[in-house]
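Residue-level listing of the chains:
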Amino acid sequence: MSPSRLRTVRDHIRWAVSRFHEAGLFFGHGTDNAWDDARQLVLGALHLPFEIADGYLDCRLEEDEQQHLLELIRRRVEERVPTAYLLGEAWFCGLPFVVDERVLVPRSPIAELIGQQFEPWLPALPARILDLCTGSGCIGIACAYAFPEAEVVLGDLSFEALEVANQNIERHGLEERVYTVQGDGFDGLPGQRFDLIVSNPPYVDAEDFADMPAEYHHEPELGLACGDDGLNLVRRMLAEAADHLTEKGVLIVEVGNSQVHVEALYPEVDFTWLEFEQGGHGVFLLAAAQCREYQKLFRSRAKG
């Protein structure tokens, strides 16, 4: 079937799947296969829900809708632009977020922890939460939904990322208890302490970054790469975390494939590596007492 003969929603999804397979696209921005990616792109572009009654797939499209879809499919195939950027929207924890190339596409396994209110890891409901290296703000904003009484701070080095995060705060109507702070790591938060610090920082090591599929190179490098071992920022965060946690606070950090580097750098530290039923790895937890216990070690390793 040529593009000129496509008529229905189903036709466009099927055609997109074929083009995606033919082009050898990579799927890692919220989907893991061509069918789901094509369905997300087509239905999202038509402002239709992902879980739609099957009968709607046989609805015929207007000519302008067809042309719009064909252009998006072309860009997905030829330019390798992630679907979320083409739509300007991604979903995380069942919530919609504005995204563009100023921020990473939300995909952290931390979503599963948020859905469980971090049970059984928090000793009490958190009054103050910090989402450090927030990007779009998706983790912190999802935490604000999970803990409706909590104040949530979204911190990031990138002014551009925080512009997107502020859009999402406004989109979700959370201006009264969620706000952004610009700074490098904890630099913008002197004297502030939190019951929960959660972070998906840049952690991709140099080797993995060089090998990343083209889709990932549409994302800001600042949000991905962080030195030869991927831990330039994580080392600093560990060195300073004790100064920003309340007495019974908890630190949760995603380091992905750089888990091996964390374990090699800090063999003395008993990190809790969290497990995920829905997939994902490389997320550690430290209690405030551990951060205090190992602070001298963390500070010495942060200096190299």
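Rules of the game
Counting restarts for each chain, with residues numbered from 1 along the sequence as it is written. For a predicted model such as this one, the threshold for reporting local features is a pLDDT of at least 70, and the threshold for listing and counting side-chain atom pairs is 80 or more; totals across whole chains, interfaces and linings nevertheless cover every residue. To obtain the side-chain values, all non-hydrogen atoms of the structure were used and water was disregarded. UniProt positions are given in the numbering used here, feature names are shortened, and annotations may be inferred rather than shown by experiment. Salt bridges are identified by distance alone: a Lys or Arg side-chain nitrogen within 4 Å of an Asp or Glu carboxyl oxygen. Every helix listed is a DSSP run of H or I at least four residues long, and every strand listed is a run of E at least two residues long, numbered separately from the N terminus. Residue exposure (1.4 Å probe, protein chains only): buried if accessible area is under 20% of the type maximum, exposed if over 50%, otherwise partly exposed. Strands are treated as partners if at least two bridges between them are detected by DSSP. Contacts were defined at the residue level, with two residues in contact if any of their heavy atoms lie within 4.5 Å. Only C-alpha atoms enter the line fits that serve as axes; for helices the fit covers just the stretch in contact. Angles between N-to-C directions range over 0 to 180 degrees.

Per an unreviewed UniProt entry, the protein chain goes by Ribosomal protein uL3 glutamine methyltransferase and derives from Aquipseudomonas alcaligenes. The UniProt entry for the protein chain carries this comment under Function (unreviewed entry): "Methylates ribosomal protein uL3 on a specific glutamine residue."

Draft legend 1. Summary view of the pattern of salt bridges. Following the criterion strictly, the structure yields 17 salt bridges and no others. The salt bridge involving arginine 19 is made with glutamate 22; its shortest N-O contact spans 3.0 Å. Taken together, the residues arginine 19 and glutamate 22, both in helix α1 (residues 9-23) and three residues apart, mark about one turn of the helix. For glutamate 22, a relative accessible area of 61% gives the class exposed. Among the salt bridges present, the one from arginine 102 reaches aspartate 100, with a minimum N-O distance of 2.7 Å. Residue class for arginine 102 comes out partly exposed when judged on its relative accessible area of 25%. On the basis of relative accessible area, aspartate 100 is assigned to the partly exposed category, the value being 23%. Salt bridges here are not isolated pairs; linked through shared partners, they connect Glu71, Arg74, Arg75, Glu78 and Glu79.

Draft legend 2. Structural detail: the pairing of strand β2 (residues 95-98). Both faces of β2 are covered, namely the face carrying Leu95 and Phe97 and the face carrying Pro96 and Val98. Sheet analysis places strand β1 (residues 89-92) next to β2, joined by four bridges and oriented antiparallel. Bridge pairing links phenylalanine 92 to leucine 95 in β2. Hairpin connection, β1 to β2: the antiparallel pair is bridged by two residues, and cysteine 93 has positive phi, about 55°.

Draft legend 3. The sheet that holds strand β9 (residues 283-287), seen in detail. Across the sheet, seven strands lie side by side as β5-β4-β3-β6-β7-β9-β8; this open sheet has mixed pairing. Taken across any chain shown, the strands that pair with only one partner, and hence form the sheet edges, are β5 (178-182) and β8 (272-273). Sheet topology note: the strand β6 (residues 194-199)/strand β7 (residues 245-254) ladder contains five bridges and is parallel. Considered in β7, the bridge of serine 199 is made with valine 253. Helix α7 (residues 159-171) contacts β4 (151-156) and β5 of the sheet and is inclined by roughly 175° relative to β5. The strands touched by helix α9 (residues 232-241) are β3 (128-132), β6, β7 and β9; relative to β7, the strand with the most contacts, the crossing angle is about 170°.

Draft legend 4. Quick look at the UniProt feature "domain: Release factor glutamine methyltransferase N-terminal" (unreviewed entry) in the protein chain. Under the local residue numbering, the UniProt record ascribes the feature "domain: Release factor glutamine methyltransferase N-terminal" (unreviewed entry) to residues 13-88. Overall, residues 13-88 shows 58% helix and 0% strand. The separation of its end C-alpha atoms is 19 Å.

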